[in-house]
Amino acid sequence: MDQPWRRRHLLAREQELIHSIQHVDTLARNKSEMAVISGSAVDFDQLVGLWEQERWLTTPDLCNADDGWEARQLDAGEFAGGAHSYAKLLRTYPDDSAQLARIIGHYLQRCVPFPARTEYRYWSLSCLPSGGSTQWARVACVTVSWTETLTLLRHRTRGRLAGFVHVNDLELFAGGVTESGYVEFLRRHPGVYDTTADYRQAGPWNTLLWAVDLDTLERLLDDTSVTRAAATAALHIIRKGKTPASINNAHCPQLVTASVEQAGAL
């Protein structure tokens, strides 16, 4: 077995073992691959105390509104690359840019812990980032720590806009994941399908909810059970550490501002 394949094999086995102990309610000291880390997260818990995090989880949108966007310290003028990307977004999607921004604003308002305080340090928003897949190009991504939690996409051949949001399964199906509950959820949200969120940082019980178009994604983010599950996933991830510089380099505060204004958020 060559070196890259050996490493991938070991990582996959490590993931399997760490997930298995969580499924039998055993705690571990890991951060990566854990759904919830035990103990305190030194950096984030100093910024937002545990009692404040618990209060936030009960009513994220109200707590974020009370926190106020005035706490935001970023100077958008320092992000020339973000300004260029945002101007290109407006040119490329003149009929959809307002809805794209509104969806992002609603996600920040309802799912990201204290976004004005945590912007850039713990989450970032990229605009027209490179990469993606052979079928899908990324239009915008909210990344919490290392993990993409809201991603807006364009189909490379059909031009269709779509997206996905990262949620915590245990919160989404609070009574337990049952076949009837799952079917009822899909009936409530036609045009939505799910895939496992294979993020090393997130751990088990995490899912990506895919929406086939922007209207479907917007309706999804109007469902409080979805936003509560997305908020839970974001808080668990944000406690694991700051967003690395390699991701923050693509941050677009201009799109953040437009998103907040479009959503009437915060």
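Scroll up a little and you will see the structure.
Scope of this entry: the structure provided in the associated data block. (Residues numbered from 1 in each chain as written. Predicted model: local features only at pLDDT ≥ 70, side-chain atom pairs only at ≥ 80, totals over all residues. Heavy atoms only, no water.)

## Description of the overall build of the protein chain
- Looking only at helices and strands, one finds 13 helices and six strands in the protein chain.
- Burial status across the protein chain gives 50% buried among its 266 residues.
- When the accessible surface of the protein chain is totalled, it reaches about 13,000 Å², and 52% of it is carbon and sulfur. (Helix = DSSP H or I, 4+ residues; strand = E, 2+ residues; numbered from the N terminus. Buried < 20%, exposed > 50% of the residue type's maximum accessible area, 1.4 Å probe, protein only. Areas by Shrake-Rupley, 256 points an atom, 1.4 Å probe, with all protein chains shown as cover.)

## A few points about the environment of proline 129
- Mapped onto the elements of the fold, proline 129 is located in the loop between strand E1 (123–127) and strand E2 (136–144).
- Distance in space between the C-alpha atoms of proline 129 and cysteine 141 is 7.9 Å, their sequence separation being twelve residues.
- Not counting chain neighbours up to four residues away, the residues in contact with proline 129 comprise Arg138, Val139, Ala140 and Cys141. (Contact = heavy atoms within 4.5 Å.)

## Section: the sheet that holds strand E6 (residues 206–211)
- Ordered by their spatial adjacency, six strands build an open sheet running E1-E2-E3-E4-E6-E5, and the pairing between neighbours is antiparallel. The open sheet terminates on both sides in strands that have one partner only, identified here as E1 and strand E5 (192–196). Put simply, the sheet's adjacent strands are angled 20 degrees from each other on average, direction ignored.
- In terms of strand pairing, E5 meets E6 through five bridges, oriented antiparallel. Among the inter-strand pairings, tyrosine 193 is bridged to a residue of E6, identified as tryptophan 210.
- Relative to strand E3 (residues 147–155), helix H6 (residues 97–111) is tilted by about 165 degrees, and along the sheet it contacts E1, E2, E3 and strand E4 (161–168). (Pairing = 2+ DSSP bridges. Axes fitted to C-alpha atoms, helices over the stretch in contact; angles between N-to-C directions.)

## Structural notes on the pattern of salt bridges
- Enumeration over the complete set of coordinates arrives at ten salt bridges.
- Between glutamate 171 and arginine 228 there is a salt bridge; the shortest N-O distance is 2.8 Å. Highlighted residues: glutamate 171 in helix H8 (residues 169–172) and arginine 228 in helix H11 (residues 224–238), separated in sequence by 57 residues.
- With relative accessibility at 23%, the residue glutamate 171 sits in the partly exposed group.
- One salt bridge connects aspartate 223 with arginine 188, and the closest N-O pair in it is separated by 3.1 Å. One end of the pair, aspartate 223, is in the loop between helix H10 (214–220) and H11; the other, arginine 188, is in helix H9 (residues 179–188), with 35 residues separating them in the sequence. (Salt bridge = Lys/Arg side-chain N within 4 Å of Asp/Glu carboxyl O.)

## What about the packing of aromatic side chains?
- All told, the structure shown has six aromatic pairs when counted by the stated rule.
- Each ring, one from phenylalanine 44 and one from tyrosine 122, has its centre 5.3 Å from the other, and the planes form 75 degrees; the classification is edge-to-face. Of this pair, phenylalanine 44 sits in helix H2 (residues 42–47) while tyrosine 122 sits in the loop between helix H7 (115–118) and E1; the two residues are 78 residues apart in sequence, bridging distant segments of the chain.
- With a centroid separation of 6.5 Å and an interplanar angle of 50 degrees, the aromatic rings of phenylalanine 173 and tyrosine 182 are classed as tilted. (Phe/Tyr/Trp six-rings, centres within 6.5 Å; stacked < 30°, edge-to-face > 60°.)

## As for H11
- In a regular helix each residue adds 1.5 Å, so 15 residues correspond to 21 Å; H11 covers 20 Å between its end C-alpha atoms and thus fits that length.
- Counting buried residues along H11, 13 of its 15 residues qualify, which places the element largely inside the surrounding structure. (Expected span 1.5 Å × (residues − 1).)

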